[in-house]
Structures are given as structure tokens and as C-alpha cells.
Amino acid sequence: TKEKRRREEGAKSKSKEDKEAEEEAEAERISKMEEELCKELGGKLRTRLEPRATASVSPIAFDRSCKEWARTLCDAPGGLDLVRMTSQSYRTQAKKYLRRWWGLEAIVTEVKDTFSRMSQGCSLLFGAIKASRMTRDAIAKAKQNSTEAGGEGEGGADGAKRAEKRRQRDVMKDEGDEDEDEDEEMDVDLAEADMLQIAKVGLDVVWRFGVFLLQGRVRLSVKSMMEEERERLRRDKLPDPEVRERMKALAGALLELGHALKTVWEEARAAEPEKAGAPIQLGGE
């Protein structure tokens, strides 16, 4: 018996190690895919900025083309939020690479960007906690209502169903089912108003989390673009002062693009204020 138990524990341990190894491999694969995607996006962004960075087009023509592109983005679902987020990310990253005011602007921008990411992360955490708390409260409320209404219906069909469910849960508990509490919660019928409010908060958290991830992707795409451009210029054996000037020109074009997106967002928000902000507006927040 001891030997059998030892073999079972060894098999479980090996299975757990294999699962962890698979999860690590999958995480590494996803990370590489994200890196390749950011490189691709960075290349497309450089293609858009290069005419302005090399002064091949005038500021007016570049601004016009950027605004036309931004207006098409605004027409997509959630486009206003995406344009606003992209505009802010572009302007923030451009200021880091422009290094104006003897580099002070880059330092201040980096600090503000760090605090902004921390604030967004805390907001997402609090939103998730709020949704979890609302779910727990709604379940407790539904259980209480079910208990209060159960006395008069114990002898009927509903009472028999509840008794059968309790019997099944007792059997599962005796068998050591770890998901017994979760299954019991899933059996509770929540009030429609509570379900709608929970869904509203949950969708808002999911949306804001998606925007948070997109900000990270935009940030990495800009970083990839600037690093690839620096390596390309150095492969061409350009002197360092010229490399710095080319990099500043590219960052300047990125800043202009960010300002163009911001202008279009402000115009669209003024024209359709009901579409501004997150797609799900929560009272009291």
C-alpha cells in the first residue's frame, strides 16, 4: 500500500512538473510572438513617419494625412478610446527620445509615465475586487432569499430538487471534491438586476485591461522602431552626431503624429460626447 501510494505521489509530482514546463514553454512562445508583432508594427510605424522625418513632405501635408488616418480609426468600435490612447502613448514616447531641455523633459516624462502605469494597474485591481465583491454579495443575497422561501416549498417539486442538490453536494464533499463550494455557488439563481450590474462592472474592467495591454504594445512597438532605426544608421557607419539628429527627426515626426491624433480625438469627442470615455460608464466612479 505504501509503495502504491509512493508511485501515485511520484506520478502526480511528475505530472505537475510536466505541466509547469508546458506552461513555461507556452509563455515563452507567446512572448516571442508578441516581440515579432511589435517589430512588425514598429516597421509599419517607421514607414508612416519616414517621409516627415526626412522632410520629404511638408508639415501641413503630413498633418493632413495623419488626421485622415485617425478619422478612419475613430469609426471603428471603441475607436475614440483607441485614438486617445495611441495619441497619448505616441506623444509620451516621442518626448523620451527627443530629449529636449538638456534631457530633463525625458526624465519628467518617464516618471509621469511610470506613475500613470501604476495608477492604471491599481485601478484595474480595484475594479476586479469590486466585481468579485459584488458577485459574492449577490450570491449571499440569493442564498438568503432561497432559504427564506424554501420552508413553504420543501414539500413540492422545488423542495425535492433542492433536497436532491444538497444530497449530491454532500456526496461530492465526502468524496473530497475541491470544487464543491464553487458548484454550490453556481447553483444559486442571481437576481437579474444584480447580474446586469456585475456584468457591467466586469465588462468595464475587461475593456480597460485590454486598453492597458494595447498601451504596452504601442510602447514596445515604438521602442522596437527606434532601436531598429539606430542599428540601421550605425550599420551605415554614420557619425554619432548625425545618428542623434536622425533619431530626433524620427521622434519629432512621432510627436507630430501624436498631436494630430489628439486633435482628431478632441473634434470627435466634441461632435459625439456620448462616445467619449470608456464604453461602459459607471455611476459614482
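For the structure given in this document, a descriptive report is provided here. (Residues numbered from 1 in each chain as written. Predicted model: local features only at pLDDT ≥ 70, side-chain atom pairs only at ≥ 80, totals over all residues. Heavy atoms only, no water.)

Brief notes about helix α3 (residues 79-98)
Phase 1 of the analysis: For α3, spanning 20 residues, the distance from its first C-alpha to its last is 28 Å, which sits close to the expected 28 Å at 1.5 Å a residue.
Phase 2 of the analysis: Within α3, 15 of the 20 residues are buried, which leaves the element mostly enclosed by the surrounding structure.
Phase 3 of the analysis: Count one or two residues on from α3 and you reach R99, which has phi positive near 55 degrees. (Helix = DSSP H or I, 4+ residues; strand = E, 2+ residues; numbered from the N terminus. Expected span 1.5 Å × (residues − 1). Buried < 20%, exposed > 50% of the residue type's maximum accessible area, 1.4 Å probe, protein only.)

Notes on the environment of F209
Phase 1 of the analysis: Within the fold, F209 resides in helix α7 (residues 192-235).
Phase 2 of the analysis: For the pair F209 and Q120, spaced 89 residues apart in sequence, the C-alpha to C-alpha distance is 8.8 Å.

A look at unusual backbone geometry
Phase 1 of the analysis: The phi dihedral of A55 falls on the positive side, at around 65 degrees, and the residue is not glycine.
Phase 2 of the analysis: With respect to the helices and strands, A55 occurs in the loop between α1 (2-53) and α2 (59-74).
Phase 3 of the analysis: Positive phi outside glycine occurs at K237, with the angle close to 60 degrees.

Regarding the layout of surface pockets
Over the atoms, a rolling probe the size of a water molecule traces out where space has been left empty.
Phase 1 of the analysis: Approximately 480 Å³ is the volume found for the second largest pocket.
Phase 2 of the analysis: In terms of lining residues, the second largest pocket is bounded by 19 residues, among which L41, W69, T86, Y90 and V218 are the most central.
Phase 3 of the analysis: Listing elements by their share of the lining of the second largest pocket, those giving two or more residues are α1, α2, α3 and α7.
Phase 4 of the analysis: For the lining of the second largest pocket, the element with the most residues is α3, which contributes 6 residues.
Phase 5 of the analysis: Grouping the amino acids of the lining of the second largest pocket by side-chain chemistry returns 12 nonpolar, 4 polar and 3 charged. (1 Å grid on protein atoms, 1.4 Å probe; cavity = no way out; pocket = protein on both sides within 12 Å on 5 of 7 lines; lining within 4 Å. Points joined across faces, edges and corners; volume = space filled by probe spheres on them. Nonpolar A, V, L, I, M, F, W, Y, C, P; charged D, E, K, R; others polar.)

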